[in-house]
Amino acid sequence: MGETAYGWWLPMNVATYGGEVDYLINVIHWIMGILFVGWGIFFFYCLIRFRRREGQKAVYQPIHAKPAKYVEIGVIIAEAILLLSFSMPVWARFKHEFPAEKDALVVRVVAEQFAWNVHYSGKDGRFGRTAPQFISSSNLLGLDPDDPDGKDDINAVNQLHFPVNKPVIVHLSTKDVIHSFKIPVMRLTQDAIPGTEIKIWFEASRTGQFDLACAQLCGLGHYRMRGAVSVDTPEAFAKWMEERQSEVSGTGTEY
Amino acid sequence: MHEQHHEHHEPGFWRKYIFSVDHKVIGIQYSLTSLLFLFFGFSLMMMMRWQLAYPGQPLPWIGRLFGEANMPEGVMVPEFYNQLGAMHGTIMVFLGVVPLAVGGFGNYILPLQIGAPDMAFPRINMASYWFLFVGGVVMLASFFLPGGAAQSGWTSYAPLANIAPTGQTAWLIGMIFLITSSLLGSINFIVTTVQLRVRGLSFFKLPFFVWAQFVTSFLLLLAFPPLEAAGVLQLMDRVAGTSFFLPSGLVVTGQPLEVSGGGNPLLWQHLFWFLAHPEVYVLILPALGIVAEVIANNTRKPLWGYRTMVYSLIFLGFMSFIVWAHHMFMTGMGTAMSTFFQATTMIISVPSVIILTCLAISLWGGSIRFTVPMHFALAFIPMFAIGGLTGLPLGLTASDLHLHDTYYVIGHFHYVVAPGTIFALFAGIYYWFPKVTGRMMNEKLGKLHFWLSLIFMNGVFTPMLLIGVAGVSRRLYDQTGYAHGAAVQDLTVFSSWSAWLLAVAQIPFIINFLMSMRKREKVRSDNPWEATTLEWATPTPPPHGNFPTAPQVYRGPYEYSVPGRSADFWPQHLPEEAESTQPRPATT
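Treat the numbers as computed from the prediction; the structure is a model and nothing was measured. (Residues numbered from 1 in each chain as written. Chains lettered and ligands numbered in written order. Predicted model: local features only at pLDDT ≥ 70, side-chain atom pairs only at ≥ 80, totals over all residues. Heavy atoms only, no water.)

**Some points on the UniProt feature "domain: Cytochrome oxidase subunit II copper A binding" (unreviewed entry) in chain A**
Point 1. As recorded in UniProt, the feature "domain: Cytochrome oxidase subunit II copper A binding" (unreviewed entry) lies at residues 102-243 of chain A.
Point 2. The span residues 102-243 of chain A shows a helical share of 7% and a strand share of 41%, and its end C-alpha atoms are spaced 23 Å apart. (UniProt positions renumbered as here; feature names shortened; annotations may be inferred. Helix = DSSP H or I, 4+ residues; strand = E, 2+ residues; numbered from the N terminus.)

Following this line, the structure appears as structure tokens:
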């Protein structure tokens, strides 16, 4: 991709597993291209050779097309390979082989019309209890004011910062309607479903500033439900965290 | 049956043209209604394309006509954009393509092709049209409700749809009418095909078009009831305080949502896609049927692998019921479910590939007439192939991780439905127009229509595939806020201009269609394309009751260029001894 992160094909890849996704997408497009061109040549050859003209009589039963069968079987084999050796393993690894929580940064992301609440656990490493009845304009996450674990919690609205080369585990939920957590450079899409909390993970292999997009129609502000993703060096991340922490300053109020 | 009295009791205007029970009049009613809805649905999209290409700029000339609520100073507001999007999808699928492919072509052609005097249940047939009509009126009227029409996508996902303005209630009521219409129609098609085939017309002598309609009817019959139920449940959620699709503890714009709770939003998606995936095949199969007819007729030879195609069709219909959750890979699905659904999705591609391959091989050894319907039928094959192939990376979960809900999806299914199915429908219009009206359509205008449509269709949808690979989500009112969206804005502008020019490309068709009804020369034969199937054995246009005497069928549907015969077509209804009794037309 060179210098530009975004263009007319896949955007820059930042995810550690993203290479496999890209590889699959590119391989499929090559297969599609070869099938389409090969088959297009046959198609146009037929159109030209068998066009109606002087002496061109149609043949009632022209061929027993063995080659068609081979192409057909080829397609089936190609699909089986794509399925069994690419798609399923990548998906299984991504969905089931979670990094250990102690080795990862764990955040909660709570979507709402039309913003992303990014909930960090703060110094104590423990998330405060949340419940819908505590939600207010000064407490967007609905943290229980009586829970000491929540005193140092941070809500970075539309700001998802995380360090490079360290797995991030996100507990994704939503307050209202379905949203979808999509970071194109991370090759990641995950719907946030009301009433459930869904666990996903990812790991970035390089630093930079990227977009977090909402990928599921969520209302009139869907198009501007955009978060800033910042993949930081560990030092920069620690510094950012400290600044946020000082804003919370142990009073338990959120912004 | 009272139809037998028609010779001495000519029905009045209302009974003959408006509340008719004649399958041909109903077929024409369906066709004209759905053509108008297709145009309307396309117009909604053309307005959206302006906002997408030039976000925030006033729509020239007509922008101010849409009122302060929708387009203040001519600039579209996001709510209105979402209404246009939801209604474009709904109208194109449920009021455009399906009524034209099934209600229009199915109603008119299917009874003729099986030699029947009418559908099995003429009054149910009339009812099915009028249910559609009411459903359509409800959908159109919903734009004038406070808050406007439905705006939660044609998929109406809960809970967004549950909390949407009143237009959503109208959408649900409209859908209940449309679904009822389809159910009545499908049962009629099934009974007609099973019961009313003429003597000698066994199942494997049926034209492929009839097979396609037959399988389609089963899909409609079995897939629509879950959506009808889901529609009623969502309606109850909206008006009666139930919570089928609403979990407890929702907080909307800072206020707790006062509902009983305990429901599940994914239930809606399962019910919706249990219909909507078979629905995709409802959109495709009749198109394949039309293309098969036109190709056999214009290659002047039998379809290659007719039986294989029929078996593939049935298999396709069956498989279409067990792939629905591939629309839901990103809802948090585990490996077991996703493995099943991506495997079935790969499997369903096999019969589709077989049918396309059969159609392509059918060209081999032909004597191909490049008529206007043949142009559209031929173009259908590569266009549908692009649509099918681009389904692959969406059907595999790992690549879907990136492509899910992006413009790639839009490009994919539009390739299937627009230059795919709609081209097939155009092929059908040009092909059967002389049977319906007794006049040929103009060939020069037809070819102009074809080439312009082909170019601009691809101009609209190819960029979408690239925009999707770039990662841009669908349903965005303005994509330029995202860096990856801004990077492909040029493609979006290109796509928009192609869409508007595609509209211009329909002018030759509209002129041709209207002029040819009145002005063009009459066909000199009942069988101007020298075809073999039964619809061409009727007088032109077919009278009430269709066949002067019930025909008998002696052979398969595509006996073209049979060795040892002088004419290159051998109609199904002619007995062994007779050569063609049809006068040969002067021109082809």
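**Section: helix 11 (residues 372-389) of chain B**
Point 1. The end-to-end C-alpha distance of helix 11 of chain B, which contains 18 residues, comes to 26 Å, matching closely the 26 Å that a straight helix rising 1.5 Å per residue would cover.
Point 2. The element helix 11 of chain B is extensively covered by neighbouring structure, given that 17 of its 18 residues are classed as buried. (Expected span 1.5 Å × (residues − 1). Buried < 20%, exposed > 50% of the residue type's maximum accessible area, 1.4 Å probe, protein only.)

**Some words on the side chain of Thr406 of chain B**
Point 1. Summarising the element assignment, Thr406 of chain B is placed in the loop between helix 13 (397-403) and helix 14 (407-437).
Point 2. Its relative accessible area of 0% is what places Thr406 of chain B among the buried residues.
Point 3. Apart from the residues lying within four places of it in its own chain, the contact partners of Thr406 of chain B are Lys182 of chain A together with Gly468, Gly471, Val472, Ser473 and Arg474 of chain B. (Contact = heavy atoms within 4.5 Å.)

**Re the interface of chain A and chain B**
The parts lose accessible area when they come together, and the size of an interface is often stated as this lost area.
Point 1. Contact with chain A, which involves 79 residues of that partner, is made by 96 residues of chain B.
Point 2. Between chain A and chain B, the buried area comes to about 7,800 Å², and carbon and sulfur atoms account for 69% of it.
Point 3. Inspection of the chain A/chain B interface yields 1 salt bridge.
Point 4. Between Arg52 of chain A and Asp568 of chain B there is a salt bridge, with its nearest N and O atoms 3.6 Å apart.
Point 5. Counting only elements with at least two residues in the side of chain A that touches chain B, the list comes to helix 1 (18-49), helix 2 (66-96), strand 7 (188-192) and strand 9 (208-214) of chain A.
Point 6. A total of 15 residues in the side of chain A that touches chain B trace back to one element, the largest contributor, which is helix 1 of chain A.
Point 7. By residue class, the composition of the side of chain A that touches chain B is 52 nonpolar, 13 polar and 14 charged. (Buried area = accessible area lost by both parts, 1.4 Å probe. Salt bridge = Lys/Arg side-chain N within 4 Å of Asp/Glu carboxyl O. Nonpolar A, V, L, I, M, F, W, Y, C, P; charged D, E, K, R; others polar.)

**Considering the pairing of strand 2 (residues 115-120) of chain A**
All names here are of chain A.
Point 1. For strand 2, a buried count of 6 out of 6 residues is recorded, marking the element as mostly surrounded by other parts of the structure.
Point 2. The two faces of strand 2 match: Ala115, Asn117 and His119 on one face and Trp116, Val118 and Tyr120 on the other face are all buried.
Point 3. Sheet topology places strand 1 (residues 105-112) next to strand 2; 6 bridges connect them, and they run antiparallel. Bridge pairing in strand 2 links Arg108 to His119.
Point 4. A loop of 2 residues connects strand 1 with strand 2, the two strands running antiparallel in sequence.
Point 5. Relative to strand 3 (residues 154-157), strand 2 is paired through 4 bridges, and the arrangement is antiparallel. (Pairing = 2+ DSSP bridges.)

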